[in-house]
Amino acid sequence: MTERRVEEERRGFSRRAFLQGAGGVAAASSLTEAVHAAQDPASEVQRMRGPEEVELRVNGGTLPATVEPRTTLLDALRHRVDPPLTGTKLVCGEGACGACTVLVDGRPMYACMLLAADVVGREIRTVEGLADGDGLSPVQEAFCEKDGLMCGFCTPGFLMSATGLLERKPDADAEEVRRALSGNFCRCGTQPHIFEAVAEAGRRLREGGR
Amino acid sequence: MSAPRVTVPRSLDEALAALAGAAPETLLLAGGTDLMVEFESGRTAPRDVVSLWRLDELRGVRDEGGGLRMGALTTCADLLGSDLARARADVLVDAAAEVGAVQIQNRATVGGNLGTASPAADLNPVLLALGATVRLRSASGSRDLPVEEFLTGYRATARRPDELIESIAIPARPAGERRRFRKVGTRRAQSISKVVVALAATLADGRFTAVRAAAGSVAPTAVLLPSLAAELVGQPPDEARLDAAARRAARDDAAPIDDVRSTAAYRRLVLQRVLRTELGALAAGA
Ligand SMILES: Cc1cc2nc3c(=O)[nH]c(=O)nc-3n(C[C@H](O)[C@H](O)[C@H](O)COP(=O)(O)OP(=O)(O)OC[C@H]3O[C@@H](n4cnc5c(N)ncnc54)[C@H](O)[C@@H]3O)c2cc1C
Ligand code: FES
Ligand code: FES
């Protein structure tokens, strides 16, 4: 971490600044300054230079979010929708840990590596969308029963990967479960319990218990 | 410095128009699995970006002359789900199955693997071995390049700034061609390859009639292994011959580097061993 900071300073920029539009215009811009098709009236091409209001389809609803051109979906979910959806976690920010896993059109993806602008109109699901009111989803229930978590920081990501798998393939075998979860890491070492929980959730889904 | 701009074109034509007028250092963004990491590491400075991810025109796998053509945005997951890809380019699908984890496979594109031109890319050696060509498209036209001409060096390609990769074609499989793919990494998921090998060869009357082989992580970018063909074509697949071919390719065709993951000498040795094993399996008809 420190090493990266030093490196960023040496180079004079950081990814965070980069992803947020390098600061230059951010403060001065208003929404109307977003360079839409303005320079190119005949075209539908969307050009973003400053912040712009977009609508994200999240967990069955539509959420307005003001995003910068380089805002990641993760940043948008955690900081730019109201109320913020902080269930999706930021850990590595570079595709190595899975804490930020969400479903986009049913497929698990890392929200830290996805531009919000690229998923406008797509169906996004986060951990907040799994439970139905107070009723946990079968995968969530199984995680509780099988002790599939310790500190819980990795849990939302694992839940989304497992849900993505079981919705496509409720009869996934142990090897398929392992592979589907191989992009998620748990520092607390709960994987064996997680594998059990996902197997159990699969059983329930197959038996028709929704 | 003016703030970087992200353009999200809605059609291929719009993307080409955007590129035609763009600054030369403008970045194309596909699945972002390489680029977003580079941003994180600070290796890539803020620049304008044209995002291709929403261009469905650049997705999909279709028949072409008994082989196949796939859009540049075709992901590893798309390949895994395509019966046509499985039938026509089995080893490419095998390679796609070993790229990262599910979250990466859902985003990592064939065009992005080529675009980064990393020495450790897993799909590129397979494309080389199968004789694939890259179709580059700009507002002023298109051109086809063999993958070995597209990949020009360490993270370097023949793409002009106004061009994008539109699609990649794999020719029809020659009758009786046998193929192998092998990735040697440190762990199964998410590992960066130490050595990747792809082989395509035909035998007739007990002799090799054609051999095309390529490897990754043994040179500044994915490379063909011409020595293998030079040693083997016209020869029977006997043990001594296969030994000699593997040794020569590891010596002459590889130019590995020492890095944090391995030493050059280790990579050469692994390449030789993996080539030998895979040649043996291929000759045995596996
Ligand atoms: C955790 C993790 C694990 C990984 N594991 C593997 C692995 O096992 N094997 C492997 O090979 N790779 C691996 N990668 C690297 C990466 O996923 C692949 O190289 C992938 O194919 C890149 O595709 P992308 O669409 O995400 O590329 P992007 O990041 O979007 O783009 C990569 C480069 O290609 C250029 N580009 C993209 N599309 C086009 C186009 N249509 N025309 C012209 N240029 C284009 C971009 O400008 C950029 O320079 C891994 C990455 C991560 C983060
Ligand atoms: S925070 Fe996205 S993978 Fe780690
Ligand atoms: S429960 Fe702590 S990281 Fe997984």
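Everything discussed here concerns the structure shown above.
Residues numbered from 1 in each chain as written. Chains lettered and ligands numbered in written order. Predicted model: local features only at pLDDT ≥ 70, side-chain atom pairs only at ≥ 80, totals over all residues. Heavy atoms only, no water.

1. Some thoughts on the site of ligand 1
Of all residues adjacent to ligand 1, which total 33 residues, the nearest are Leu28(B), Thr33(B), Asp34(B), Thr109(B) and Ile165(B). Looking at the residues close to ligand 1, they fall on chains A and B. Here an oxygen atom of ligand 1 sits 2.7 Å away from a polar atom, N or O, in the main chain of Ala30(B). Across the complex, the protein chains shield 91% of the 980 Å² of accessible surface that ligand 1 would expose by itself. Of all the elements in the fold, those that place two or more residues in the shell around ligand 1 are strand S2 (27–29), helix H2 (35–41), helix H7 (110–116) and strand S10 (164–170) of chain B. Considering every element that reaches the shell around ligand 1, the biggest residue donor is H7(B), with five residues. (Near = heavy atom within 4 Å. Polar contact = N/O pair within 3.5 Å; in protein donor to acceptor, adjacent residues only side chain to side chain. Areas by Shrake-Rupley, 256 points an atom, 1.4 Å probe, with all protein chains shown as cover. Helix = DSSP H or I, 4+ residues; strand = E, 2+ residues; numbered from the N terminus.)

2. Quick notes on the sheet that holds strand S3 (residues 61–67) of chain A
Residue and element names in this part refer to chain A. Ordered by their spatial adjacency, five strands build an open sheet running S3-S2-S6-S4-S5, and the pairing between neighbours is mixed. Only two strands of the sheet have a single neighbouring strand rather than two, namely S3 and strand S5 (107–110). When the angles between neighbouring strand axes are averaged without regard to direction, this sheet yields 45°. Helix-sheet contacts for helix H5 (residues 155–168) involve strand S4 (101–104), S5 and strand S6 (123–125), and the interaxial angle to S4 is about 35°. (Pairing = 2+ DSSP bridges. Axes fitted to C-alpha atoms, helices over the stretch in contact; angles between N-to-C directions. Contact = heavy atoms within 4.5 Å.)

3. Some points on the sheet that holds strand S7 (residues 141–146) of chain B
Residues and elements named next belong to chain B. Reading across the sheet, the five strands line up as S4-S5-S10-S6-S7 and stay open at both edges, with antiparallel pairing between neighbours. Among the strands making up the open sheet, the edge pair consists of strand S4 (61–64) and S7. Averaged over all adjacent pairs, the angle separating strand axes in this sheet is 25°, with direction ignored.

4. Some words on the packing of H5(A) against helix H7 (residues 191–206) of chain A
Residue and element names in this part refer to chain A. Two elements in contact, H5 and H7, have axes whose closest approach is 11 Å; the angle formed by their N-to-C orientations is 35°. Of the two possible hands of crossing, H5 and H7 adopt the one that is right-handed. Where H5 approaches H7, its residues Phe158, Ala162 and Leu166 are matched on the opposing element by Gln191, Ile194, Val198, Ala201, Gly202 and Leu205. (Left-handed = near helix turned anticlockwise from the far one by under 90°.)

5. Overview of the pattern of salt bridges
Side-chain pairs of opposite charge can arise where the charged atoms are in close proximity. Residues and elements named next belong to chain A. All chains considered together, the criterion is met by 33 salt bridges over all chains. For the salt bridge of Arg204 with Glu200, the shortest nitrogen-to-oxygen distance reads 3.0 Å. Of the two residues, Arg204 and Glu200 are both situated in helix H7; the distance of four residues between them amounts to about one turn of the helix. The exposure classification of Arg204 matches that of Glu200, with both residues buried. A single salt-bridge network, built from bridges that share partners, covers Glu141, Glu145, Glu200, Arg203 and Arg204. (Salt bridge = Lys/Arg side-chain N within 4 Å of Asp/Glu carboxyl O. Buried < 20%, exposed > 50% of the residue type's maximum accessible area, 1.4 Å probe, protein only.)

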